[in-house]
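Structural characterization, general
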Amino acid sequence: MAAKPSESLKTLSIIHLALVVTILVFGVFKFVSNGTFIANADPNDIFIYVIPVVAAFGYFMSQFMFKKQLLAIDRTDALTLKLAKYQAASIVKYAFIEGPAFLAIIAYGFNGNALFLVIAIFLVVYLFMQKPNQKKFMEDVPLTIEDKKEFKNTNR
């Protein structure tokens, strides 16, 4: 028997929360263990150029890949297949945000540059805002009337 739509979204929510919490814990650990917070950027530090570019790339690629994968969802697909494709697209989106956030925290750990921590914080906040829910799923995925009925009936 296929999983209920609400269970699929709950699983995705748990994955999302785990990613957010992991980055937060790692960031707090690095901040506490590093103990420095330098607001002056060293122009000789390669990370001062790499981290903002990687962060912007991750943000834009997360949007691009998510939309591209959503376009691959056919209106005639079964609801369970649509949910699976939505889950996969969301995880890819999260990965493109999570990777640059980790990199920024690691760069912060090297020299305590506040810019890297600020970039990581913005990425984590953005990732947190991507939390999956029923409304987003219904807006993002091309659902038929039957899909909407099935989705509402199985979520009772």
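Description of the structure in this document. (Residues numbered from 1 in each chain as written. Predicted model: local features only at pLDDT ≥ 70, side-chain atom pairs only at ≥ 80, totals over all residues. Heavy atoms only, no water.)

Turning our attention to the environment of Phe60. Looking at where Phe60 falls in the secondary structure, it is placed in helix 2 (residues 47–71). C-alpha separation for the pair Phe60 and Asp74, spaced 14 residues apart in sequence, amounts to 24 Å. (Helix = DSSP H or I, 4+ residues; strand = E, 2+ residues; numbered from the N terminus.)

In the structure shown here, the tally under the stated rule is three salt bridges. A salt bridge links Lys82 to Asp147, with the shortest nitrogen-to-oxygen separation between them at 2.3 Å. With Lys82 in helix 3 (residues 79–111) and Asp147 in helix 6 (residues 145–154), the pair connects residues that are 65 residues apart, well separated along the chain. Of the two residues, Lys82 and Asp147, neither departs from the other in class, the shared state being buried. One salt bridge in this structure joins Glu139 and Lys135, with 3.8 Å as the shortest N-O distance. Of this pair, Glu139 and Lys135 both sit in helix 5 (residues 134–140), separated by four residues, roughly a single helical turn. Exposure class is identical for Glu139 and Lys135. Each is exposed. (Salt bridge = Lys/Arg side-chain N within 4 Å of Asp/Glu carboxyl O. Buried < 20%, exposed > 50% of the residue type's maximum accessible area, 1.4 Å probe, protein only.)

Attention now goes to the environment of Ile145. Checked against the element boundaries, Ile145 lands in helix 6. With 85 residues separating them along the chain, Ile145 and Phe60 place their C-alpha atoms 32 Å apart.

The next thing to look at is the packing of aromatic side chains. Counted according to the given criterion, the structure contains eight aromatic pairs. Ring geometry for Phe26 against Phe102: centres 5.4 Å apart, planes inclined by 50 degrees, an arrangement best described as tilted. Here Phe26, found in helix 1 (residues 5–34), pairs with Phe102, found in helix 3; they are 76 residues apart in sequence, far enough to count as distant. Judged by centre distance (6.4 Å) and plane angle (20 degrees), the ring pair of Phe31 and Tyr108 falls under stacked. Residue Phe31 is found in helix 1, and its partner Tyr108 is found in helix 3; the two are separated by 77 residues along the sequence. Here a set of aromatic residues connected by ring pairs shows up, and it is made of Phe47, Phe110 and Phe116. Lying over the aromatic face of Phe66, Lys93 brings its terminal NZ or CZ to 3.8 Å of the ring centre. (Phe/Tyr/Trp six-rings, centres within 6.5 Å; stacked < 30°, edge-to-face > 60°. Lys NZ or Arg CZ within 6 Å of the ring centre and 35° of its normal.)

On to the nonpolar core, then. Ranked by internal contacts, the top residues of the largest apolar core, which has 34 residues, are Tyr86, Leu127, Phe137 and Val141. Contributing elements (two or more residues each) for this core: helix 1, helix 2, helix 3 and helix 4 (114–129). At eleven residues, the largest contribution of residues to this core is made by helix 3. Setting aside chain neighbours within four positions, we find Phe137 in contact with Leu9, Leu79, Lys82, Leu83, Tyr86, Leu143 and Phe151. (Core = buried A, V, L, I, M, F, W, Y, C linked by side-chain atoms within 4.5 Å. Contact = heavy atoms within 4.5 Å.)

With 25 residues, helix 2 extends 35 Å between its outermost C-alpha atoms, agreeing within 8% with the 36 Å of an ideal straight helix rising 1.5 Å per residue. Turning to helix 2, its buried residues are Ile48, Ile51, Ala55, Gly58, Ser62, Phe66 and Leu70. Structurally, helix 2 contributes buried residues whose contacts are with helix 3, helix 4 and helix 5. (Expected span 1.5 Å × (residues − 1).)

Purely spatial values, then, with no claim about function.
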